[in-house]
Amino acid sequence: MSQDIATIRVTRYRPEKDGKPFFQEYKVPYRKDMVVLDALNYIKANLDGTLTYRWSCRMGVCGSCGANVDGVPKLTCASFLHEFKGRTIKVEPLSHFPVIKDLIINMDDFMHKLVEIKPWIIRDKESPPEDGEYRQSAEELERYGQFSSCINCMLCYSACPVYGLNEKFLGPAATALAYRYIEDSRDQGEAVRFPIVHEIEGVWECTLVGECSVVCPKGVDPMLAIQKTKILGATNALKSLLMPRGSGK
Amino acid sequence: MIREWTSFFVAVFSLIYIYELSLFASGAKDSALTLMRNPGIVAFNVLALLFTLYHAFTWFYLIGKVQPIKIGKTTSKPWQALLVNIALLLIISYAVIQILILR
Amino acid sequence: MEHLNHDVLIVGGGAAGLRAAIAAAEINPKLDIAIVSKVYPMRSHTVSAEGGMAAVLRTDYDNFDLHAYDTIKGSDFLADQDVVEFFVREAPKESVRLEHWGCPFSRDPDGRISVRAFGGMSVKRTLFATDKIGFHLLHSLFQTSLKFENIRRYDEWFATSILVDNGRVDGVTAIDMRSGELVSFLAKAVVIATGGCGRIYQFTTNGWIKTGDGMAMAYRAGVPLKDMEMVQYHPTLLPNTGILITEAARGEGGHLLNKDGERFLKRYVPNKMELGPRDILSRAEMTEIKEGRGFEGPYGSYVHLDLTHLGDETIEAKLPFVKELAEKYLGIDPAHEMIPVRPGQHYMMGGVHTDIHGYTGLPGLYAAGEMACVSMNGANRLGSNSLTECLVFGAEAGIGAAQYASKQGAPSFGNPVQGLALEEEKRIYDKVLKPEKGEKISTIRTEMQKAMEEHVGIYRDENNLKQACRLIGDLKQRMKNAIVEDKDRVYNTDLVSALELDFMLDVAETIAYTAQARKESRGAHFRTDYPKRDDIQFLKHLVAYKTGTVPRIDTMPVTITRWKPEARVY
């Protein structure tokens, strides 16, 4: 009786050794409930200690383990081997990012964009903790709640063809986070964030492909956030056109 | 990504259409009509129309999701936006055909 | 060797580390603060916490003394009561601060932060954000930290040792993962907040990065590790993966059932039932399994967590992440099926000794979070106390470090610090990385995890603990001849794994030795050969000091203010 085997083809790239990336194949014992991450861990522990990849929580909440699995951006900890046709699975680094080594991508661009959109509560006046929490209704929470679920896994940037063509595009996750703060009833920072998201390379580069929302593992729906931000931008522009001396929020 | 591919069909359709118009403009009406009746061209036009409708319908649904309309306490659902826009599409198409083509 | 200077250096970018950074930045905007973390801060294991964070916000039915009493009784009276009294008073302010910083708490109809019931808490005081409090807390803290221009981050830098110069801490050495270079960080004050060490065990809720780095580094620098035998086993882990199913599932009304469909906890904690403290519940489940009333599965024995009576709506609204995890990893819909669960390692009550202000006693060194032992949790932690603890004591450590740094001159990179740093460089690149032959790291690691799981588990006894001490000692010897397969400088996770395993073995050793020394049962530490609590001999903290051979065990007193130890019955 032969043991069930899965073949994992992983992109290898060692900047100190390799001129360019190449595929390496490993055979791992197959178990029905295995995820791709289990296979990578098996390889590193038993077959090849040099295989390099990121992971931590293994439950789909830390956002470390993004990779292109059979061409689709996925979390390796949440991709079951049985989801894929056949027993050979290709694992490549997330597309649209420079590669540091093997499956490790350089995420400096995203980290920079994260700071750019000022992802913190901006208020004219803060009240001291002794005064208690800012009140927020369930309806107010719902207006931004889903957009606060982003785990920063960057699958959306890998799926976005616009980002693939133009690195300056603000992109799905960053815009969704900006929208999350704009719509938070406790935040008063529209005036600060609008100029950033309404630059040409902010929301306007988005052509509604929608792949970002398709691959998002947490249901954030960044495409929706981008379109909603476009509408905010359009209505804001109209308002300032019709009421040049009108107040903001 | 299917919606992205519709632009390919629209682009090719536009090229064929411009060519047909240029034939009419230079007086080669018969060549133009022959081309338009070509079964391959007709088949392509049908395919392009289907893709364009797919693009339109998914777009209508998206608009419904992005900008729901609030009437009193109820908020519109995306499928409602889809139906309303399909209805508008049919009405406007009918009007265009009546006024500009069949007159 | 390159050296970088900062005023306050924080190692670890989780809840405690980020809170310390913000506290230091706020106290003195002119301070130059750096956070060194081996992962991007959004990946810190804080992110996986689910249930909620406890604080007395509802003063109409709750009060500080009640929260303190719950915590002290929960700790089986090993907690330092002055620490607990301080904690419960700071907790509400920290919670509101977090809310002001944007944390999307779930809300009551009147707009106030919602509270839920939790294990060992007399009243509902656990604030929650559906069932992803850790995720929301971490992201809110991290994103808020971005607004301080005087906080600079070194993401994916792996700290390897603390630099001590004549009894004073001058900084740390750290590997820049991207280049593979070892760099010395010099700082006037250092805060370590690197989290727990769950990966010492085979079966744990903890992520890969929980390898006790800071605990080991402080231990090697001469700071004792306190209460290390107090390892928390959480009652509800998924059997195959160890993924955590939050206590909130029981807080919202879930039941634990044995093979006979019985809510067996009525025979162990009849008054609190599923909301009893974690140590008692974990032991109850193991007893049920041992006595044949558990289920058998491909991944071992388990019991059932029953949420079917809660209904789809409650689960969607209050426990959506539990639903997602059960569906994804087990193919189960918790509204209609039982969830198989069993106990497993989850948290370390023990850790680096600090005083009430996060000071370790070693000048210039502060510690906070799971890796520190103030001690707030004593022999058993109540669920939902630790996130608030990270905020309260993270802030204390940050303030302490900032105040200390404001009065210090900058350390210089002369001897002995430079010598120490160069020695560390030799250790890493010549001793650990270079050898071409040796035993696989994964083998040693797996054996360590097995040894801890089998011999320092939920039920302990002299023979098993002695065996553990011996096995860990053997593994430490074998570690000297281990091989790192990846010889690259750039992003070498194999080298990091070896250094982490080195840390883990030190920490595992302190757990085994301290457990052997405590000849009584208290809280999470249960010995079948000493099943009773012995306040006369053991109402004290056990601390482990590093020596050239095995850990030296000493004691520290427990501070008792107003609550006399009593029988711990629920």
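Residues numbered from 1 in each chain as written. Chains lettered and ligands numbered in written order. Predicted model: local features only at pLDDT ≥ 70, side-chain atom pairs only at ≥ 80, totals over all residues. Heavy atoms only, no water.

J.: What am I meant to see in the overall build of chain A here?
T.: Summing up its helical and strand segments, chain A has 10 helices and seven strands in all. Considered along the principal axes of its C-alpha atoms, chain A spans approximately 80 × 40 × 35 Å. For chain A, with 249 residues in total, the buried portion stands at 59%. Accessible surface, chain A as shown: approximately 10600 Å² in total, 54% of it carbon and sulfur. Averaged over its 32 positive side-chain charges, chain A has a centre that lies 3 Å from the centre of its 32 negative ones. (Helix = DSSP H or I, 4+ residues; strand = E, 2+ residues; numbered from the N terminus. Buried < 20%, exposed > 50% of the residue type's maximum accessible area, 1.4 Å probe, protein only. Areas by Shrake-Rupley, 256 points an atom, 1.4 Å probe, with all protein chains shown as cover. Lys, Arg positive; Asp, Glu negative; His and termini not counted. Charge placed at Lys NZ, Arg CZ, Asp CG, Glu CD.)

J.: Mind showing me how you'd approach the overall build of chain B here?
T.: Each helix and strand in chain B was counted, giving four helices and two strands. The helix and strand sequence of chain B, counted from the amino end, reads α-α-α-β-β-α. Projected onto the principal axes, the alpha-carbon positions of chain B cover approximately 60 × 35 × 20 Å. Here chain B holds 103 residues, and the buried ones make up 17% of them. In chain B, of all internal contacts separated by at least 6 residues, the share reaching a separation of at least 24 is 51%. Carbon and sulfur atoms provide 74% of the accessible area of chain B, an area that totals close to 7700 Å². (Contact = heavy atoms within 4.5 Å.)

J.: Would you take a moment to explain the interface of chain B and chain A for this structure?
T.: The extent of an interface is frequently quoted as the accessible surface area lost upon association of the parts. Contacts between chain B and chain A engage nine residues on the former and 11 residues on the latter. Between chain B and chain A lies a buried interface of about 880 Å² when both sides are counted; carbon and sulfur atoms form 65% of it. Three residues, Met1(B), Lys65(B) and Val66(B), lead the burial of chain B against chain A; their summed loss comes to 53% of the area buried on that side. Taking the shortest distance from any N to any O, the salt bridge between Lys65(B) and Asp221(A) comes out at 2.7 Å. The interface formed by chain B and chain A contains three residue pairs in polar contact (both at pLDDT 80 or more). Elements that contribute at least two residues to the side of chain B that touches chain A include exactly helix H1 (2–25) and helix H3 (39–66) of chain B. The element that contributes the greatest number of residues to the side of chain B that touches chain A is H3(B), accounting for four residues. (Buried area = accessible area lost by both parts, 1.4 Å probe. Salt bridge = Lys/Arg side-chain N within 4 Å of Asp/Glu carboxyl O. Polar contact = N/O pair within 3.5 Å; in protein donor to acceptor, adjacent residues only side chain to side chain.)

J.: Help me understand the nonpolar core in this model?
T.: For soluble globular proteins, nonpolar side chains are generally found buried alongside one another. Residues Tyr157(A), Ile33(C), Met53(C), Leu141(C) and Leu307(C) are the most contacted members of the largest nonpolar core, which totals 178 residues. Sorting elements by how many residues they give to this core places helix H10 (residues 385–406) of chain C first, with 10 residues. Mapped onto the domain boundaries, this core takes at least three residues apiece from domain 1 (5–105) and domain 2 (108–242) of chain A. Not counting residues up to four positions away in its chain, the partners in contact with Leu141(C) are Ala15(C), Leu18(C), Arg19(C), Ile22(C), Leu98(C), Trp101(C) and Leu391(C). (Core = buried A, V, L, I, M, F, W, Y, C linked by side-chain atoms within 4.5 Å. Domains from an automatic or database assignment.)

J.: Just checking my understanding: could you explain the sheet that holds strand E18 (residues 372–373) of chain C for this structure?
T.: Adjacent strands of a sheet pair through backbone hydrogen bonds, lying either parallel or antiparallel. Residues and elements named next belong to chain C. Ordered in space as E18-E16-E10-E21-E22, the five strands form an open sheet in which the pairing is mixed. Single-partner strands in this sheet number two, and they are E18 and strand E22 (552–557). In terms of strand pairing, strand E21 (residues 540–545) meets E22 through six bridges, oriented antiparallel. Bridge pairing in E22 links Ala 544 to Ile 553. Helix-sheet contacts for helix H5 (residues 213–220) involve strand E10 (225–226), strand E16 (351–353) and E21, and the interaxial angle to E16 is about 35°. The strands that helix H14 (residues 493–517) touches are E10, E21 and E22; relative to E21, the one it contacts most, it runs at about 140°. (Pairing = 2+ DSSP bridges. Axes fitted to C-alpha atoms, helices over the stretch in contact; angles between N-to-C directions.)

J.: Explain the sheet that holds strand E2 (residues 22–29) of chain A here, please?
T.: All names here are of chain A. Taken in spatial order, the five strands line up as E2-E1-E5-E3-E4 in an open sheet, and their pairing is mixed. With partners counted over all chains shown, the strands left at the sheet margins are E2 and strand E4 (72–75), one partner each. Averaged over all pairs of adjacent strands, the angle between their axes in this sheet comes to 35°, without regard to strand direction. Sheet topology note: the strand E1 (residues 5–12)/strand E5 (residues 88–92) ladder contains four bridges and is parallel. Of the residues in E5, the one forming a bridge with Arg 9 is Lys 90. Against the sheet, helix H1 (residues 36–47) makes contact with E1, E2, strand E3 (66–69) and E5, and its axis sits at roughly 95° relative to E2, the strand it touches most.

J.: Sorry, what's going on with the interface of chain C and chain A here?
T.: Of the residues lining the interface, 66 residues belong to chain C; the matching set on chain A comes to 65 residues. Summed over both partners, the interface of chain C with chain A buries about 5400 Å², with 53% contributed by carbon and sulfur atoms. It is Arg43(C), His100(C) and Gln143(C) in chain C that bury the most area against chain A; as a group they hold 14% of the surface buried on that side. Here chain C and chain A share seven salt bridges between them.

J.: Would you mind showing me how to read the pattern of salt bridges here?
T.: Oppositely charged side chains can form a pair if their charged atoms are brought close together. Residue and element names in this part refer to chain C. Enumeration according to the criterion identifies 76 salt bridges over all chains in this entry. A salt bridge links Arg 562 to Asp 65; its shortest N-O distance comes to 2.8 Å. On the criterion of sequence distance, the pair formed by Arg 562 in the segment after E22 and Asp 65 in helix H2 (residues 64–74) is long-range, its members being 497 residues apart. Given the relative accessible area of 46%, Arg 562 is considered partly exposed. We classify Asp 65 as partly exposed; its relative accessible area is 32%. A network of salt bridges, in which partner residues are shared, links Asp 76, Glu 229, Asp 279, Arg 283, Arg 518, Glu 520, Arg 522, Arg 533, Asp 535 and Arg 568.

J.: Just checking my understanding: could you explain the pairing of strand E8 (residues 168–176) of chain C for this structure?
T.: Within a regular beta strand, the side chains point alternately toward one face of the sheet and then the other, so they alternate between its two faces. Residue and element names in this part refer to chain C. The buried count for E8 comes to nine of nine residues, which makes it a mostly enclosed element. Linking strand E7 (residues 157–165) back to E8 in an antiparallel pair, the connection comprises two residues, with Asn 166 at a positive phi of about 50°. Two strands pair when backbone bridges link them, and E8 and strand E9 (residues 181–192) are joined in this way by six bridges, in the antiparallel orientation. The residue of E9 that forms the bridge with Asp 176 is Glu 181. Adjacent in sequence and paired antiparallel, E8 and E9 are bridged by four residues, among which Gly 180 carries a positive phi angle near 85°.

The analysis is restricted to geometry; functional conclusions fall outside its scope.
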